[in-house]
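Below are the chains, spelled out letter by letter.
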Amino acid sequence: MTGERLPWDKLSALYPQLVRALQDRTGPSPWHALLLVGPGGIGKRRMVELLAQALLCTNSTHKPCGECTACQRVADGIHGNLLSLAPLPREKTIKIDPTRRVLDALSLHPLEQSLRIVTIPQMELMTEQAQNAVLKSLEEPDPNTVFLLTTDNERALLPTVRSRCRLMRLAPWPQDETASYLVSEGVPTQEAAEWARLSDGRPLDAQRLAQDPHTRDLMQLIDRTWMGLRTREDIPAASAALKGSKEDADLLLHLLEARISVLIGQNIEQVGDIPGWDTAPALRLRRVQEKVFEARQYLASNVSWQGVADRLLIHIAKEIHQCPV
Ligand SMILES: [Zn+2]
């Protein structure tokens, strides 16, 4: 369970076992610290919250019930037996003083009769001194305390800390599962496929993008310009509309690339009504996609945004709408 990178569905299936392993405080080797490692935006913190709820839930048959006072307090971050460590406001690291305060609180009598849980959601942000303080607690574990730790970057952790934890490495989500998740969160199907493609298997990042008003504006700009082109005569207006978007150039090209990738993977009924694009053969879509890749390289080598944007408009007019150029 320690070396491989678990895909999310496998972890979900393992969840009941994890809960049981963490609940067993009297066996020969109780778990004192679980460390979830994996890219940001895949749901590690949500998993930690679910584990904390399961461990503190007072429902006797179904844990976590999500409804008892304990479950709700965990969700609100106010359960007396749940301690959490994050950077203080305006600080980028987790320093020794707040760490000591949490560890000192562990030596006090617990407020509620149950396990005590310490969560550290971005452990890579801990200073070495703070990590060493936690290490002491991990080396001389209290039988009724469990550390639930997550990190995007395990190399930022002291090897001695890592070696004291049960380590689980998590893989990004498959694209289709990311898309299904987004649809379940109310994102339209076509868009969900695009955000899933763009997010590299990080559904929570995809959701953030999908629900961010600024990226939605950029998607509409793409619809009006590169995707909305009909004839060569539309190019000057589209060019003018893209002119002011230099600051978002990189994101715009990423979004356009994702749109085209999704179109390539779909059949005509799924594409919907996008004149030119809905009937263009995959070969032509791929050529445009290559031009988008090229455009990103041009941008990186300081070719002007307007030049890059216009070049793409001309290629799209030629490849998708068969305009003579
Ligand atoms: Zn509950």
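Going by the structure above, here's the rest.
As the structure is a computational prediction, the values presented were derived from the model and not from experiment.

(A) Up close: the coordination of the zinc ion. Binding of the zinc ion to the protein goes through C57 (SG), C65 (SG), C68 (SG) and C71 (SG), at separations of 2.3 Å. Here the zinc ion binds four donor atoms, and the angle range of 105 to 118° at the metal identifies the geometry as tetrahedral. Site description for the zinc ion: donor spacing in sequence, C-x7-C-x2-C-x2-C. Note on C68: relative accessible area 13%, which makes it buried.

(B) Expanded view of the nonpolar core. W226, L253, W277 and W305 are the most contacted members of the largest nonpolar core, which has 43 residues in total. Counting residues per element, the ones that place at least two in this core are α7 (175-184), α8 (189-199), α9 (203-211), α10 (213-224), α11 (235-243), α12 (249-264), α14 (282-300) and α15 (305-319). In terms of residue count, α12 provides more of this core than any other element does, eight residues in total. In this view, W226 contacts L242, L252, L253, L256, W277, W305, A309, L312, L313 and I316; residues no more than four positions away in its chain are not counted. Counting residues in hydrophobic clusters, the runner-up holds 29 residues, among them L22, L36, L51 and I117.

(C) View of the pattern of salt bridges. For the structure shown, the criterion picks out 15 salt bridges. K44 is the partner of D152 in a salt bridge, and the nearest nitrogen-oxygen pair spans 2.9 Å. One end of the pair, D152, is in the loop between β5 (145-151) and α6 (159-163); the other, K44, is in helix α2 (residues 44-56), and 108 residues separate them in sequence. On the basis of relative accessibility, which here comes to 43%, the residue D152 falls in the partly exposed class. Among the salt bridges present, the one from E257 reaches R197, with a minimum N-O distance of 3.3 Å. Taken as a pair, E257 in helix α12 and R197 in helix α8 lie far apart in primary sequence, 60 residues in all. On the basis of relative accessible area, E257 is assigned to the buried category, the value being 6%. In this structure, a network of salt bridges that share partners links the residues E154, R162 and R169.

(D) How the structure looks around the sheet that holds strand β3 (residues 82-84). Taken in spatial order, the six strands make up an open sheet running β1-β6-β2-β5-β4-β3, and their pairing is parallel. The sheet is open, and its two edges are formed by β1 (5-6) and β3, each paired on a single side. With four bridges joining them, strand β2 (residues 33-37) and strand β6 (residues 166-170) adopt parallel strand pairing. In the sheet register, L36 faces β6, and the bridge partner there is M168. Relative to β5, α2 is tilted by about 170°, and along the sheet it contacts β2, β3, β4 (116-120), β5 and β6.

Calculation criteria
Residues numbered from 1 in each chain as written. Predicted model: local features only at pLDDT ≥ 70, side-chain atom pairs only at ≥ 80, totals over all residues. Heavy atoms only, no water. Donors = N, O, S within 2.8 Å, 3.2 Å for Na, K, Ca; no water. Tetrahedral: all angles 85-135°; square planar, octahedral: opposite > 155°, others 65-115°. Buried < 20%, exposed > 50% of the residue type's maximum accessible area, 1.4 Å probe, protein only. Core = buried A, V, L, I, M, F, W, Y, C linked by side-chain atoms within 4.5 Å. Helix = DSSP H or I, 4+ residues; strand = E, 2+ residues; numbered from the N terminus. Contact = heavy atoms within 4.5 Å. Salt bridge = Lys/Arg side-chain N within 4 Å of Asp/Glu carboxyl O. Pairing = 2+ DSSP bridges. Axes fitted to C-alpha atoms, helices over the stretch in contact; angles between N-to-C directions.

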